[in-house]
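Summary of structural features
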Amino acid sequence: MKNKRRILLGFAALLVVITTAVCLWYARPLTIEDLCPGLDLEKCTGVYAGYSAYEISELYNRISLTPEDGLTPLLDLFQGRHFRRSPFWWIPRGTRTHLIREGDFRWDIDLAFENAPVTDISTATGYLLHFNNFYGDLDMEFMGDTRPVSTADQEQWLEDVLAYILEADPNVNSK
């Protein structure tokens with residue numbers, strides 16, 4: 001009887017070690033190119049961005065950017081940045097709500113690509129990559145697959161992305 005218990009405990013311990021190793025491997029930092037095979041940020045053809053910032057407006061504002069609009073500085077914020085996927089992506093989060101306070105903001109960015117090789121046999125065109133910052137919670141969607149992600153210095157990086165969006169929005173700059 002004691003041997004069966006030891007075997008079960010050993011098996012349980014091994015299962016915990018393997019599960020932990022898989023979670024750590026899954027959550028390792030990866031670039032966008034690693035997370036989204038076939039996408040090259042340098043080949044981004046446009047961005048559709050939306051934002052809402054407490055100090056500016058309660059409305060959700062949208063802008064569209066092309067390479068002619070100076071898209072490169074925004075893409076530089078994403079280029080080479082490492083993102084960590086959450087190993088708990090499969091847990092339903094339900095509806096998200098947030099009590100808005102001074103200093104709060106959210107944004108979402110859709111990045112467009114043309115003829116991106118998304119699999120070995122096909123290409124895709126359109127807004128293939130989507131980032132959603134919901135008041136500090138960051139999600140990334142690629143080809144219909146949405147995952148919560150995080151990045152180093154996330155709070156500052158989210159603010160930097162918002163600052164560029166605000167700078168590119170002619171409605172904010174004209175006020």
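Topic: the pairing of strand 7 (residues 145–151)
With three bridges joining them, strand 3 (residues 83–85) and strand 7 adopt antiparallel strand pairing. Paired with Arg84 across the strands is Ser150, a residue of strand 7. Sheet analysis places strand 6 (residues 137–142) next to strand 7, joined by five bridges and oriented antiparallel. If you follow Phe142 over to strand 7, its bridge partner there is Asp145. The antiparallel pairing of strand 6 with strand 7 creates a hairpin that spans two residues between the two strands, and Met143 there sits at a positive phi of about 55 degrees.

Considerations on helix 1 (residues 2–26)
End to end, helix 1 covers 36 Å across 25 residues, agreeing with the expected 36 Å (1.5 Å per residue, within 8%). Within helix 1, only one of the 25 residues are buried, which leaves it mostly out in the open.

Some words on the nonpolar core
Ranked by size, the top nonpolar core spans 40 residues in total, and within it Phe78, Trp107, Ile109, Leu111, Leu129 and Phe131 carry the most contacts. Looking at this core, the elements that each hand over two or more residues are helix 2 (32–35), strand 1 (44–53), strand 2 (57–65), helix 3 (72–78), strand 4 (105–117), strand 5 (123–134), strand 6 and helix 4 (154–168). The element that contributes the greatest number of residues to this core is helix 4, accounting for seven residues. With residues up to four places along the chain from it excluded, the contact list for Phe78 reads Ile32, Leu41, Phe83, Trp107, Ile109, Phe131, Trp157 and Val161.

The rules behind these values
- Residues numbered from 1 in each chain as written.
- Predicted model: local features only at pLDDT ≥ 70, side-chain atom pairs only at ≥ 80, totals over all residues.
- Heavy atoms only, no water.
- Pairing = 2+ DSSP bridges.
- Helix = DSSP H or I, 4+ residues; strand = E, 2+ residues; numbered from the N terminus.
- Expected span 1.5 Å × (residues − 1).
- Buried < 20%, exposed > 50% of the residue type's maximum accessible area, 1.4 Å probe, protein only.
- Core = buried A, V, L, I, M, F, W, Y, C linked by side-chain atoms within 4.5 Å.
- Contact = heavy atoms within 4.5 Å.

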